[in-house]
Amino acid sequence: MTAYSNGVSDMEKRVSFVGLGAMGWPMAANLVRAGYDVYVFDASSDATQRFESEVGGHACASLAELGDAADVVITMLPTSKIVRNVLFDEHGVTRTLHAGAVVVDMSSGVPGETIQIARELAARDIKLVDAPVSGGTRRAVTGELAIIVGGDEDVIDRVAPVLKVMGRSITRTGPIGSGQAMKALNNLALGGSFLVALEALLVGKKFGLDPALIVDVLNASSGMNYNTQTKFRQFLLSGTYAAGFSLDLLVKDIGIAVQLAEELDADVPVASVCKTIWSAALDTLGTGHDHTEIAKVTAKEMGVSFP
């Protein structure tokens, strides 16, 4: 095999990528720009063909074709169930994936299901690491995602050069499934802190305070959090509601975190209320909305006018 300057072999410069959604497309595009030979597949054949024509890489007509193309396969998909189908269906990736290959599941999945998938892949001499991401579409475009990785150290070492193209920080969390557990817990904390800060903002506005002033004071004081710093002025007060992370996915991730707590017999009353509120917003708005749009629902319930 030919060795590249970063120590990656020619075979490992070939990467198969499944899932060209809002996150997957820019992630795969960064791999193409970094010189990787990228083979792509999406449930939408139009997306697959457009990626090849607009970005480069190779459009695969089937999962079996994609599985045969490379020894590193990345999945960026909505749920663990879809990951399982992509891997193990009659025409799935593992039909042609070589022994010794590595699957990198970058989806926000269910830890227990991922552990079981890893066992089934191991029986075929295929390794798995779970590597969910945080940072939204903007950081996916710039290759500055935070990547949280669970799995065997030697397997993570093998795919680290690929991950570094897509992420600014790569944090190893422990055995398989731990990356997805950490991702779900992170998004639980994100969702909870968003709700409390949003209520503070709306109560302040109802009292007569200027919302922009409220945000400035929070960000200069102990009430500051990631949401008040990066979303409240930018997407709530502006009325754009385009932070780049869907309400559907946040509800899913919070649900995974609460499910994990239940499996561990941990009482999480605040997290349970958080799940209920976000789920109710999804029921009200429907699918396809940015998670920041919960502000519209909460403001209406509180009787506060808001952009």
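Residues numbered from 1 in each chain as written. Predicted model: local features only at pLDDT ≥ 70, side-chain atom pairs only at ≥ 80, totals over all residues. Heavy atoms only, no water.

**Re the overall build of the protein**
Within the protein, the regular secondary structure consists of 14 helices and nine strands. For the protein, the C-alpha radius of gyration of 21 Å lies close to 19 Å, the compact-globule estimate for 307 residues. With 307 residues in all, the protein has 50% of them scored as buried. Here the analysis covers contacts within the protein between residues at least 6 apart in sequence; of these, 67% occur between residues at least 24 apart. Entry remark: accessible area of the protein is about 13,700 Å², with carbon and sulfur atoms responsible for 55%. One way to put it: in the protein the 25 positive side-chain charges average out to a point 5 Å from where the 35 negative ones average out. (Helix = DSSP H or I, 4+ residues; strand = E, 2+ residues; numbered from the N terminus. Rg over C-alpha atoms; globule rule 2.2 N^0.38 Å. Buried < 20%, exposed > 50% of the residue type's maximum accessible area, 1.4 Å probe, protein only. Contact = heavy atoms within 4.5 Å. Areas by Shrake-Rupley, 256 points an atom, 1.4 Å probe, with all protein chains shown as cover. Lys, Arg positive; Asp, Glu negative; His and termini not counted. Charge placed at Lys NZ, Arg CZ, Asp CG, Glu CD.)

**Section: the confidence of the model for the protein**
If pLDDT is low for a region, its predicted coordinates should not be looked at in detail. In the predicted model, the protein carries a mean pLDDT of 94, and the fraction of residues at 70 or more is 96%. Ignoring residues within four places in sequence, the model shows residues 1-9, a span with pLDDT below 50, making 15 contacts including any to other chains. (pLDDT = per-residue confidence, 0-100.)

**Side note on helix 12 (residues 247-263)**
In this model helix 12 runs 24 Å from its N-terminal to its C-terminal C-alpha over 17 residues, within 8% of the 24 Å that 1.5 Å per residue would give. Residues of helix 12 that are buried: Leu247, Leu250, Val251, Asp253, Ile254, Gly255, Ile256, Ala257, Val258, Leu260 and Ala261. Buried residues along helix 12 sit against helix 5 (111-122), helix 8 (178-207) and helix 13 (269-285). Where helix 12 ends, the next residue or the one after it, Asp265, has phi of about 55°, a positive value. (Expected span 1.5 Å × (residues − 1).)

**Structural notes on helix 8**
A rise of 1.5 Å per residue sets the reference length of helix 8, with its 30 residues, at 44 Å; its end C-alpha atoms lie 44 Å apart and thus fit the reference within 8%. Gly208, located one to two residues past helix 8, shows a positive phi value of around 120°.

**Quick look at the environment of Tyr36**
In this structure, Tyr36 sits in the loop between helix 1 (24-33) and strand 2 (37-41). The spacing of Tyr36 and Met106 is 70 residues in sequence and 18 Å in space, taken between C-alpha atoms.

**Describing a nonpolar patch on the surface**
Taken together, the side chains of Phe207, Leu209, Leu213 and Val217 make up a nonpolar region of the molecular surface, amounting to roughly 420 Å² of accessible area. Of note, Phe207 is situated in helix 8. (Patch = residues over 30% accessible without salt bridge, like charges linked within 9 Å, V, L, I, M, F, W, Y side chains within 5 Å. Salt bridge = Lys/Arg side-chain N within 4 Å of Asp/Glu carboxyl O.)

**Some details on the side chain of Thr298**
Mapped onto the fold, Thr298 is located in helix 14 (residues 294-302). Of the residues examined, Thr298 reaches a relative accessible area of 11% and is grouped as buried. If we ignore the near neighbours within four places in the chain, the residues touching Thr298 are Leu198 and Leu202.

**Thoughts on the packing of helix 4 (residues 80-88) against helix 5**
Two elements in contact, helix 4 and helix 5, have axes whose closest approach is 10 Å; the angle formed by their N-to-C orientations is 10°. It follows that helix 4 is roughly parallel to helix 5 by the angle criterion. Along its contact with helix 4, which presents Ser80, Lys81, Val83, Arg84, Leu87 and Phe88, the element helix 5 presents Glu113, Thr114, Gln116, Ile117, Glu120 and Leu121. (Axes fitted to C-alpha atoms, helices over the stretch in contact; angles between N-to-C directions. Parallel < 35°, antiparallel > 145°, perpendicular 65-115°, else oblique.)

**Describing the packing of helix 1 against helix 7 (residues 153-166)**
Relative to each other, helix 1 and helix 7 sit at 115°, their axes nearing to 8 Å. One way to sum up the angle between helix 1 and helix 7 is to call them roughly perpendicular. Viewed along their axes, helix 1 and helix 7 form a crossing whose handedness is right-handed. The segment helix 1 lies against helix 7, with Met27, Asn30 and Leu31 engaging Val162, Val165 and Met166. (Left-handed = near helix turned anticlockwise from the far one by under 90°.)

**Considerations on the packing of aromatic side chains**
Tallying each qualifying case throughout the model produces three aromatic pairs. Ring geometry for Trp25 and Phe51: centres 5.1 Å apart, planes at 75°, overall edge-to-face. Residue Trp25 is located in helix 1, and its partner Phe51 is located in helix 2 (residues 45-54); the two are separated by 26 residues in the primary sequence. One exposure class covers both Trp25 and Phe51, and it is buried. Note on Phe194 and Phe232: the rings are 5.4 Å apart at their centroids and 70° apart in plane angle, and the pair reads as edge-to-face. Of the two residues, Phe194 is situated in helix 8 and Phe232 in helix 11 (residues 232-237); the sequence distance between them amounts to 38 residues. Among the residues examined, Phe194 registers a relative accessible area of 1% and is labelled buried. (Phe/Tyr/Trp six-rings, centres within 6.5 Å; stacked < 30°, edge-to-face > 60°.)

**Details of the pattern of salt bridges**
Across all of its chains, the model carries nine salt bridges by this definition. Among the salt bridges present, the one from Lys252 reaches Asp253, with a minimum N-O distance of 3.7 Å. Across the salt bridge formed by Lys296 and Glu293, the nearest N and O atoms sit 3.0 Å from each other. A single network of salt bridges, built from pairs that share partners, joins Asp46, Arg50 and Glu54.

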